[in-house]
Amino acid sequence: MTSRERFLAACACQPLERPPVWLMRQAGRYLPEYREMKAKHGFLGMVRTPELAAEVTLQPVRRFALDAAILFSDILVIPEALGQPYRFRDEGGIAMEFTIGSRGDIDRLAPADSVPSRVAYVAETLRALKSELGGRKALLGFGGSPWTLAAYMVEGGSSEDFARIKGLFYADRPAFETLLEKLAAALIAYFRMQIEAGADAIQIFDSWGGVVAGDDYEAASLQWIRRIVAALPVGFPVILFGKGTAAHARAQAAAGLRVLSVDWTANLAAVSEKVNARREGRPVSVAVQGNLDPVLLNTTPEIVRRETIRLLESMRGTPGHIFNLGHGILPDAKLACVESLVDAVSSWNRDTGP
């Protein structure tokens, strides 16, 4: 079985001898080869240059026995394609070139159907990766959720309290919905482009879904994700990672998603049982992904192996598990710890254990 076949089988909740493994932000600052390229070309230069983006995407799968490669890009290429560029602040965090502060600002954004042509470099990168991987590894595309992208656009960048986007949601719902409708339409066009270029699955990052008041998650975020999933090919694997949204897992699973990616604060086996109603004897139909605490990769290989095995054992007998972290790799993660994690998953067997 190839890594790609293993990944797609896990998405379909088929029994496997071991889960596939990949890691959020696996192409990033913890890799010396990545730091060298970033110093030479800059982050945005790498994102916008297909040959560089493809090279960065491949760096971790060359170094580690991962089952999937995820496109090296950024969720903010969508606001940029709509006419709102961004940059990284010297002191850290993201700054948009301007802030969406009125209905007029929303109306001045570019049409959603213009997005594919404005991010054609992403499709070119995916096509190059598809050819390079040769069907051996799964190739993942991704994008941000409409709510998460809107948060950056309305806040003007990184935020601590999300007061502006919440204010728009509560005080001017028509303007909020106009913005989210435009973002959803842009993402549908963007994801269709990624699928046509060769992506085997799409991950939607609802990174700020957890800041929404519980009763408002449906209106602020989930309804727009549901709209996107419904517009993609039937049965195509869509993964949702929502940080801090485990309380909404059942509603997320009902949105047509194939995989829920769970942060490290939740019990992964309990989430799987909850969304699949296993107590009622129903088969597992929604896979789960995760959810090792990324901080563990800053400790020792021995600790990482122990905790990786513990998570694997908690999911023994449950089909539909993709091993991953509960958030992205931290910049100071140790290479030996990443190697220990991947080796532990690769050598584990559902019948015999580690």
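The coordinates are above.
Residues numbered from 1 in each chain as written. Predicted model: local features only at pLDDT ≥ 70, side-chain atom pairs only at ≥ 80, totals over all residues. Heavy atoms only, no water.

K.L.:
Give a description of the environment of Val338 that names residues and reports values.
P.N.:
Among the structural elements, Val338 can be located in helix α16 (residues 335-347). Since its relative accessible area comes to 0%, Val338 is described here as buried. A sequence separation of 38 residues divides Val338 from Thr300, and the C-alpha atoms of the two residues are 9.8 Å apart. Residues contacting Val338, with those up to four places away along its chain left out, are Leu23, Tyr30, Phe64 and Leu297. (Helix = DSSP H or I, 4+ residues; strand = E, 2+ residues; numbered from the N terminus. Buried < 20%, exposed > 50% of the residue type's maximum accessible area, 1.4 Å probe, protein only. Contact = heavy atoms within 4.5 Å.)

K.L.:
So what's going on with the pattern of salt bridges? Residues and values would help.
P.N.:
Where charged atoms from two side chains of opposite charge come close, those side chains can pair. Within this structure, the stated rule accounts for 14 salt bridges. Arg226 is paired through a salt bridge with Glu218; the nearest N and O atoms lie 2.8 Å apart. By relative accessible area, which is 30% here, Arg226 ends up partly exposed. Given a relative accessible area of 34%, Glu218 falls into the partly exposed group. Linked through salt bridges whose partners overlap, the residues forming this network are Arg6, Glu17, Arg18 and Asp67. (Salt bridge = Lys/Arg side-chain N within 4 Å of Asp/Glu carboxyl O.)

K.L.:
So what's going on with the pairing of strand β5 (residues 201-206)? Residues and values would help.
P.N.:
Consecutive side chains along a regular strand alternate between the two faces of the sheet. Counting buried positions over the six residues of β5 gives six, a clear majority of the element. Because side chains alternate across β5, one face comprises the buried residues Ala201, Gln203 and Phe205, and the other comprises Ile202, Ile204 and Asp206, equally buried. Where strand β4 (residues 138-144) lies against β5, five bridges are found, and the strand directions are parallel. Directly across from Gly141, in β5, lies its bridge partner Ile202. Of the strand pairs in this sheet, β5 and strand β6 (residues 238-242) are connected by five bridges, and their pairing is parallel. (Pairing = 2+ DSSP bridges.)

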